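Inside the fold
What follows is each chain in one-letter form.
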Amino acid sequence: MSYVSSRPVVIGLEVHIQLNTRSKLFCPCSTDYIGKTPNTNVCPICLAVPGTLPLVNDSAVALGSRMGLGLRGEIQKYSNFHRKNYFYPDLAKAYQITQYGLTITVGGYLDIEADGKPKRVRIHHLHLEEDAGKLVHPTADGRLTGASYSLVDYNRGGVPLSEIVSEPDISSPAEAKEYVARLRQLARYLDVSDGEMESGSLRVDANISLSNPGGSLGTRVEIKNMNSLKALERALEYETERQNKVLDSGGRIVQETRLWDDAESVTRSMRNKETASDYRYYPEMDLAPIVITDEQIEEFKKSMPELPWEKRARFAGYGLSKEETAILTERKELAEYYEAVVSFGAPPARAANWVRMDVLRVLNELSRDIREFKVKPETLAELVKYVEAKELSGTVGKEILDILAREDVPFDEALKRTGARTGRLTGGALETLIDRIMSANPDLVEAIKSGRDKKGGKLKFLQGQVMKETKGQADPRETASLLSEKLV
Ligand SMILES: [Zn+2]
């Protein structure tokens with residue numbers, strides 16, 4: 001049960017998304033820094049050696065524009081970079097190159113649905129900036145945290161980020177979580193970023209305040225360090241409750257930055273929040289402005305794929321429920337897989353069930369992604385068709401899927417291993433089997449024939465034996481009628 005705030009909650013989010021470029025924002029160093037030996041993925045530019053000059057990576061500009069367009073923002077034909085000054089050891093230059101004022105896109109919105117209600121969250125702008133390095137506190141036993149001193153690793157320094165700043169339109173922790181989930185989905189659909197919060201490819205800073213009784217905005221607090229959607233929601237719930245309690249007891253909210261401690265489930269004061277003037281923004285004179293032409297804007301627009309909400313609307317045409325559509329379109333690759341299964345002739349509603357229930361179950365068991373799924377869409381379509389035609393039982397179908405997903409064997413081999421065969425067991429063959437089962441259970445047969453099976457449990461048992469022996473290949477109705485004929 002989530003906390004119910006007695007005052008209206010106002011949340012604005014700043015989401016940093018690491019852009020999928022191969023090289024950093026201003027130098028040729030790789031963006032593939034995770035797991036690398038500290039300070040090996042660096043060069044004089046990202047280490048800020050005096051005399052070096054940065055150069056803007058065009059791919060980062062293209063990806064930032066793409067994300068902005070996905071958010072229905074407007075691409076600015078002219079934008080530039082600023083230096084944001086602050087002294088922190090993970091920032092080699094002691095300033096960060098970022099956009100301020102003239103940003104790559106402005107405006108736009110993202111439609112979400114939380115607690116069953118639709119909501120439009122307006123976007124203020126999207127800007128490009130470079131990432132900082134990382135401080136690590138390694139201990140003698142190899143852990144990366146816990147030491148009493150800090151080491152700095154600049155491998156991440158200069159990796160391109162797009163920061164998406166929302167208007168303060170979000171009014172609950174659940175909405176904030178949903179907004180970030182949809183933003184992440186969009187970034188993945190657009191191939192702009194992998195959007196992984198755990199590895200830091202997507203980071204969220206939240207500004208949260210409670211409105212005053214007169215309706216004016218209260219003092220806002222910034223929350224950082226939330227590494228999952230769940231953590232984001234919990235941190236905002238905690239903060240809503242904390243601020244309400246402070247105000248209820250006659251206290252005042254201090255404008256500050258607080259860190260979420262996931263293990264302890266609390267936010268802790270980190271520092272007083274800087275304001276823009278603390279950063280002494282200064283135009284970056286070493287970089288030419290970014291100029292984007294009408295032709296480029298047209299090209300960006302033309303290269304946009306089908307967006308998540310467009311896909312959802314189209315999938316509704318398959319007669320799927322809202323929930324099914326949402327699950328199937330969450331990842332573009334899963335949606336494409338589903339559509340391929342349908343294109344190979346599987347009925348859409350059945351295929352949806354298989355993908356949503358069985359494919360996702362198997363992937364979860366194997367800790368794999370749909371991109372690593374071994375069962376080809378055409379094979380799953382075959383399987384669905386067999387089950388639909390009752391040539392295979394649902395149980396055998398699932399067994400076959402399990403084998404195909406784990407081992408590289410052809411369909412026929414997987415089928416053989418289940419001991420089943422395609423085709424329904426019917427007529428004479430079914431009758432022979434029933435006779436065999438009856439003669440293996442003479443006591444039951446006798447009891448039924450002499451009217452001692454009032455509740456029908458004994459008949460049910462025999463029927464169950466038939467289904468078990470045939471692995472569900474027999475038609476239950478035909479089995480029942482053949483059995484009762486023989487047992488009168
Ligand atoms: Zn570099």
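Not measured: the values here are computed from a predicted model. (Residues numbered from 1 in each chain as written. Predicted model: local features only at pLDDT ≥ 70, side-chain atom pairs only at ≥ 80, totals over all residues.)

1. Focus on the domain arrangement of the protein chain
- According to the domain assignment, the protein chain consists of domain 1 (10–208 + 274–297), domain 2 (306–418) and domain 3 (427–487).
- Computed from C-alpha coordinates alone, the two centres of domain 1 and domain 2 are separated by 36 Å.
- Take the side of domain 1 that touches domain 2: its biggest share by element is four residues, from helix α2 (residues 173–189).
- Split by residue class, the side of domain 1 that touches domain 2 holds two nonpolar, two polar and two charged. (Domains from an automatic or database assignment. Helix = DSSP H or I, 4+ residues; strand = E, 2+ residues; numbered from the N terminus. Nonpolar A, V, L, I, M, F, W, Y, C, P; charged D, E, K, R; others polar.)

2. Remarks on the nonpolar core
- Residues L13, I17, A176, Y179 and A206 are the most contacted members of the largest nonpolar core, which totals 57 residues.
- Among all residues touching Y179, those that are not within four sequence positions of it are L13, L110, I112, V121 and I170.
- If you look at the next biggest cluster of nonpolar residues, it comprises 30 residues, including L328, V375, L392 and L415. (Core = buried A, V, L, I, M, F, W, Y, C linked by C-beta atoms within 7 Å. Buried ≥ 20, exposed ≤ 12 C-beta atoms within 10 Å, placed from the backbone. Contact = placed C-beta atoms within 7 Å.)

3. Quick look at the environment of I292
- Looking at the element boundaries, I292 is found in the loop between β17 (290–291) and α4 (294–302).
- With 214 residues separating them in the primary sequence, I292 and Y78 have C-alpha atoms 6.5 Å apart.

4. A look at the pairing of strand β7 (residues 109–114)
- Pairing of β7 with strand β8 (residues 117–130) involves six bridges; the strand directions are antiparallel. Counterpart to A114 in the pairing with β8 is K117.
- The antiparallel hairpin formed by β7 and β8 contains two residues in its connecting segment, where D115 sits at a positive phi of about 50 degrees. (Pairing = 2+ DSSP bridges.)

5. A closer look at the pairing of strand β11 (residues 160–166)
- Along β11, five of the seven residues are buried, which leaves the element largely enclosed by surrounding structure.
- With five bridges connecting them, strand β1 (residues 9–18) and β11 associate as antiparallel partners. Paired with H16 across the strands is E163, a residue of β11.
- With seven bridges joining them, β8 and β11 adopt antiparallel strand pairing. In the sheet register, I123 faces β11, and the bridge partner there is S166.

6. Regarding the environment of N225
- Assignment of secondary structure puts N225 in strand β13 (residues 221–226).
- You can call N225 partly exposed: it has 18 C-beta atoms within 10 Å.
- Separated by 101 residues in sequence, N225 and A326 have C-alpha atoms that sit 28 Å apart.
- Setting aside residues no more than four positions away along its own chain, N225 makes contact with L259 and W260.

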